[in-house]
Amino acid sequence: EGVIIVASVGNNGKDENDTHLSWWSGVVGVSAITTDGQFASYSSWGNGVTTSAVGGPLTVRDFDTGKTATTNGTSNSTALVAGMLALALQKWPDATPNQILQLLVHTGLNPNHDWNPQTGYGAAALGSLVNENPSQYPDENPILQKPGGSSPTEQEIQDYADGTITPNTVMNTMPKSYVYRGTNEDLIIGFGLDNGLNIHLGTSPRYHRK
């Protein structure tokens, strides 16, 4: 839908990639750095990390006491990155979300913008996001397949589009709109009639693609 999804990677100081939204392809996973640019000890990490931002210490309002308090966390980092991306989208209204993401990863503050599981491509660079024209980059999502690996893979996405994913392998996540177009006739009795799945055997566009 053209929406950039930004999510924190957690505050447990460990690799917990498989428990956060950043595990999914296309999601901007955000870790935390300190005000001196070092990776924050409390920040989690993993294959899903795309970028990072300062996690604190930040002064916030404590709504229980009505006073100010100091906070640290990847939620702070995530809000900062979301704001930076919003500014980039505002500055470059003709750019696609994919091009904005291209700009994010190509201007990350790691040396040579190299990726690592702690800070992704490096801290998000607000100056670059609003000053470098993203139209120089292709309209392709650069984190559809993350360097460390993510799900769904490109092959899984193509299998879904072609309707060849066997429904019984992903029953809990398959939307009702999915139509199985493969050639496994056993599914008609085992899953089609019993579970109301849409099955149109042998109609996958894969079989007609040159």
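Going by the structure above, here's the rest.
What you are looking at is a predicted structure, and each value in this text was computed from that prediction instead of being measured. (Residues numbered from 1 in each chain as written. Predicted model: local features only at pLDDT ≥ 70, side-chain atom pairs only at ≥ 80, totals over all residues. Heavy atoms only, no water.)

### Remarks on the pattern of salt bridges
So, step 1. Applying the stated criterion to the full structure yields 3 salt bridges.
So, step 2. The residue D159 makes a salt bridge to R206 at a minimum N-O spacing of 2.5 Å. Remark: R206 occurs in the segment after β7 (198-199) and D159 occurs in helix α4 (residues 154-162); sequence separation between them is 47 residues.
So, step 3. Using a relative accessible area of 30% as the deciding quantity, one classes R206 as partly exposed.
So, step 4. Between D162 and R206 there is a salt bridge, with its nearest N and O atoms 2.9 Å apart. (Salt bridge = Lys/Arg side-chain N within 4 Å of Asp/Glu carboxyl O. Helix = DSSP H or I, 4+ residues; strand = E, 2+ residues; numbered from the N terminus. Buried < 20%, exposed > 50% of the residue type's maximum accessible area, 1.4 Å probe, protein only.)

### Quick word on the sheet that holds strand β2 (residues 28-33)
Note: strands within a sheet are paired through backbone hydrogen bonds, in either parallel or antiparallel orientation.
So, step 1. Here we have 3 strands laid out as an open sheet, ordered β1-β2-β3, and parallel in their pairing. Two strands bound the open sheet, and with one partner strand each, they are β1 (6-8) and β3 (49-54). Here the strands of the sheet are splayed against their neighbours by 40° on average, with no regard to which way each runs.
So, step 2. As judged from the 3 bridges shared by β1 and β2, these two strands associate in the parallel manner. The residue bridging V6 from the neighbouring strand is V28, located in β2.
So, step 3. Sheet contacts for helix α1 (residues 74-91): β1, β2 and β3; angle to β2, the most-contacted strand, approximately 125°. (Pairing = 2+ DSSP bridges. Axes fitted to C-alpha atoms, helices over the stretch in contact; angles between N-to-C directions. Contact = heavy atoms within 4.5 Å.)

### Structural notes on unusual backbone geometry
So, step 1. Omega for the bond connecting G56 with P57 falls within 30 degrees of zero, at 5°, which places this linkage in the cis form.
So, step 2. Looking at the secondary structure, you find P57 in the loop between β3 and β4 (58-62).
So, step 3. At the junction of S151 and P152, the peptide bond is cis and its omega measures out at 0° in the coordinates.
So, step 4. Relative to the assigned elements, P152 resides in the loop between α3 (126-131) and α4.
So, step 5. The phi torsion at N112 lies on the positive side, around 60°, for a residue other than glycine.
So, step 6. Accessibility expressed as a relative area gives 68% for N112, which makes it exposed.

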